[in-house]
Amino acid sequence: MENLFDIIVIGGGPAGISAGIYAHRAGMNVLVIDGRDSTLKQAKKIDNYYGVFNISGEELIQKGIDQYVELGGAYKEAKVVSVKQNFESKTFTVKATCGEYCSKAVILCTGTSKKKTLPQLEKYEGTNVSYCAVCDGFFYRGLKVAVIGDGDFAFNECEELSSVANQIYLITENKNVPNIKNVQVVQKKVADFVGENKVEGVVFEDSSRLNVDGVFVALGTMSSFDIAKRLGILMKNNFVLVDKNYMTNIAGVFAGGDAIGGLLQVSKAVSDGANAGLEATRYIKVMEHYGREGN
Ligand SMILES: Cc1cc2nc3c(=O)[nH]c(=O)nc-3n(C[C@H](O)[C@H](O)[C@H](O)COP(=O)(O)OP(=O)(O)OC[C@H]3O[C@@H](n4cnc5c(N)ncnc54)[C@H](O)[C@@H]3O)c2cc1C
């Protein structure tokens, strides 16, 4: 199957590309999906990475991607908008802006992450404010919800909700929204939210009000926080928790680089990526060995 890979690496910064290089050279069929927004792009000059100095962050990233592609690894510049676990087949479905793919293991190398929200929602946390349509959409069957966000991640959340909610209001500044069932686009700026014990309505800067039963927040690009929420991955202080084999609490999901915290530097990200790539390879080989024995 064309879209089936052994390993999908989400993120193509130093950690993701290093994971890709090691797993590819260990014989795995690897796909790196990368939003090309590494924090390293902000570094004007790198002088502290082994064997390389007086190089810009942008250049160092490009050299890494070129090296991986030259070695034969598959690379797509795109944004991942959803990751789902298929329990029966022990695989993962990764949906991105470039298509939908399946893999036996996933490596999260999405960089630092924190929950993206609006300050006005803080007092409603734990009520009818959600950060995951696939987790909480069920509670809004036949009801009216608002989705707040500007990109493909928000559009995907609308799609997830379109089969349950009766009416979805996508509150966005984006003027190019695809047609999605039950979705009405609201191009206004949020001023505040109203409601006694939960959000009952959104108030816009033009003072108009929209009554809703719930609010879904999907700001920016899907981060490790968002992926963790959907797969049930444990996090601590905004970092993904991994064991000594770089595996999360979900079998088959690995992580490395800034996403798991510690020293937030290229050298550590590259080391994490190499380890996560090799551990994911080992995981797949063990799974396949037991699969063959079972047959
Ligand atoms: C200003 C600045 C200067 C720095 N200078 C140095 C330095 O001199 N030396 C040094 O060692 N370190 C430096 N760092 C730190 C270094 O940039 C990071 O430690 C390193 O980039 C971490 O690598 P990573 O692969 O974990 O994450 P990142 O490099 O942040 O890469 C994450 C990748 O994941 C992608 N991604 C995220 N979400 C998705 C999604 N949903 N779908 C697809 N792709 C996604 C992003 O687009 C990005 O390409 C600096 C950082 C900053 C901010």
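Our subject in this report is the structure included herewith. (Residues numbered from 1 in each chain as written. Predicted model: local features only at pLDDT ≥ 70, side-chain atom pairs only at ≥ 80, totals over all residues.)

Spatially, five strands are ordered S7-S14-S8-S9-S10 in an open sheet, and the strand pairing comes out parallel. Strands with a single pairing partner mark the edges of an open sheet, and in this sheet they are strand S7 (129-130) and strand S10 (183-186). Judged from the four bridges that link them, strand S8 (residues 144-148) and strand S14 (residues 214-217) form a sheet pairing that is parallel. Of the residues in S14, the one forming a bridge with Ala 146 is Val 215. (Pairing = 2+ DSSP bridges. Helix = DSSP H or I, 4+ residues; strand = E, 2+ residues; numbered from the N terminus.)

Attention now goes to the environment of Ile 61. Structurally, the position occupied by Ile 61 is in helix H2 (residues 57-70). Separated by 13 residues in the primary sequence, Ile 61 and Ala 74 have C-alpha atoms spaced 16 Å apart.

Our next topic: the site of the ligand. Residues in contact with the ligand amount to 36 residues; listed here are only the nearest, Gly 11, Gly 13, Gly 35, Gly 111 and Gly 257. Contributing elements (two or more residues each) for the shell around the ligand: helix H1 (14-25), strand S2 (30-34) and helix H6 (266-294). (Near = placed C-beta within 6 Å.)

So, about the environment of Tyr 169. One can find Tyr 169 in strand S9 (residues 167-171). Judged by local crowding, Tyr 169 falls into the buried class, with 23 C-beta atoms found within 10 Å. Taking the C-alpha atoms as reference points, Tyr 169 and Asn 182, separated by 13 residues in sequence, lie 8.4 Å from one another. (Buried ≥ 20, exposed ≤ 12 C-beta atoms within 10 Å, placed from the backbone.)

Scope: geometric values only; no functional claims are made or implied.
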